[in-house]
Amino acid sequence: MFRSLAEKLYSIDDERIIVRRGTFWNLVSSILNSAMTAVIMFFITLTSDVSVNGWFSIATAVAYQCQAIGFFGIRNLHVADTKKDYSFSDYTYFNISSSILMIVVLSFLSFGQSYNLEKACLVFVYGIYRGVDIIEALFHDEYQREGRLDLGVILQTIRFTISLIILIVILLVSKNLVIATIAATVVSVILVFIQNKPFIKYFPCRLKKFNKDNLKKLFSICFPIFIAGFINMYLANAPKYAIDGTLSDTLQGVFGILSLPVFTINLLSTVIYKPYISQMAECWYDRKFEKLKAIIFKQVIIICILTLIITLFGYLLGLRLLEVIYGIELMKYMDVFLLLLIGGGLNTLGAFLNFIMVIFREQNKNMIIYIISGVTTFLFGSILVSKLNLLGAALIYLFSSGIITCLCCVVLFYKYKCVRRLNE
């Protein structure tokens, strides 16, 4: 079945159709990905109490934090490596090394804390479940580098859908989130290999002899990108970490529900600029500055408009809908909710600027920016939460995102002006 599907999907050679299809399915995949946490939380409320939502909230935070380790900043480089300085084989060996490191860290964050056994197991297995994305991305990034973003996002949509259905069904039957997540993980791993196997013959997805020098070069390039990405993920989840060490699992569950639309802003915005990453890289390398500036300006405007629309909707109807869906009183947290939505927009803008920093080869400055924001958040995070409760958690997210966005704008503006001056 997958072989026949692969032939039909790959046979399209009209670039306009490929772009349209890639954009559409990237939207579908990202919406599904952004909705997964909300959907799982909804079914948790049907089988457990709010405290289990708190467990799941911290499990998602740890999972995405460890996922940043597994990716180790390689995705941005892989997709933007249109000159093919490194082969698929180089990226594969790098991917394997970072995945092993991810599992080690995930084990510590799960079982090295003062969690009860069930909570620790949930944190670990959900981290592995999200870690499957790292294996899949290796193939899909290669497809995108070859100009076929559409293939990867279609396969990802299928995997997300099937694994989510499996997780929900097993959760409703067993009423045990750990068992349900294990089942979904097994299905995900199987699907990654079954789905991608027929496409390997169309792309240079072959393992060659291990190249130690290339691995070292990749590490030196990706390390600052990884540090920035890791701290970015820490900043996105810093409020949850502060709550986990200061407040109750019940308040953690409430905050997890309040922050669900934030990931919607992040992931939907990714849909818009992800298809343009390779194009922006080519514009920069070919010194097509006006075209590059137009693309960047358009994406920034779209992110701002999307944030404004979602924030307005959140104020008028969003929080009441969350109350109805999850059966929890939330209106008293309106100020927290709005700050999170605005912070989500700033975080998304910062993430977009992060891609541009990589294209401009300013990953070292990018790392410094994230370190500044991370240290500030670490120093003041727990203090804000202990004094202001969930409002303090929202302020952490807003301030950290604002620092990153402002500093990235300064660096990029200066670099752009310098390069333009040299090429005039």
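Below: a short report on this structure.

Conventions adopted
- The numbers attached to residues start from 1 for each chain and follow its sequence in the written order.
- Local features in this predicted model are restricted to residues whose pLDDT is 70 or higher, and side-chain atom pairs enter the listing and the counts only when it is 80 or higher, whereas totals over whole chains, interfaces and linings include all residues.
- Side-chain measures were taken over the full set of non-hydrogen atoms in the model, leaving aside hydrogen atoms and water.
- Where helices and strands are cited, they refer to DSSP runs of H or I of at least four residues and of E of at least two residues respectively, numbered from the N terminus.
- Under the scheme applied here, a residue whose accessible area is under 20% of the maximum for its type counts as buried, over 50% as exposed, and between as partly exposed, the area being computed with a 1.4 Å probe on protein chains only.
- Nine residue types can take part in a nonpolar core, namely buried Ala, Val, Leu, Ile, Met, Phe, Trp, Tyr and Cys, and a core is a set of them joined through side-chain atoms within 4.5 Å.
- Salt bridges, as used here, are contacts in which a Lys or Arg side-chain nitrogen is within 4 Å of a carboxyl oxygen on Asp or Glu.

Bringing unusual backbone geometry into the picture now. One non-glycine residue, Phe72, adopts positive backbone phi at about 50 degrees. Its location among the elements puts Phe72 in the loop between helix H3 (50–71) and helix H4 (74–80). In the Ramachandran plot, Lys175 falls in the positive-phi region, its phi being about 55 degrees despite a non-glycine side chain. For Lys175, a relative accessible area of 53% gives the class exposed.

Now for the nonpolar core. Among the nonpolar cores identified, the biggest contains 124 residues, and Leu258, Leu330 and Leu390 are the most heavily contacted of them. For this core, the leading source of residues is helix H9 (residues 212–246), giving 14 residues.

What follows deals with the pattern of salt bridges. Evaluated as defined, the whole model comprises 6 salt bridges. Residue Arg21 is joined to Asp150 by a salt bridge in which the shortest nitrogen-to-oxygen separation is 2.6 Å. Of this pair, Arg21 sits in helix H2 (residues 15–47) while Asp150 sits in helix H7 (residues 149–174), placing them 129 residues apart in sequence. On the basis of relative accessible area, Arg21 is assigned to the buried category, the value being 18%. The shortest N-O distance in the salt bridge between Asp141 and Arg75 comes to 2.7 Å. In this pair, Asp141 sits in helix H6 (residues 117–145) while Arg75 sits in helix H4, placing the two residues 66 residues apart along the sequence. The class for Asp141 is buried, based on a relative accessible area of 3%. Exposure remark for Arg75: the relative accessible area of 24% places this residue in the partly exposed category. Because the salt bridges share partners, they merge into one network encompassing Arg130, Asp133, Glu136 and Arg159.

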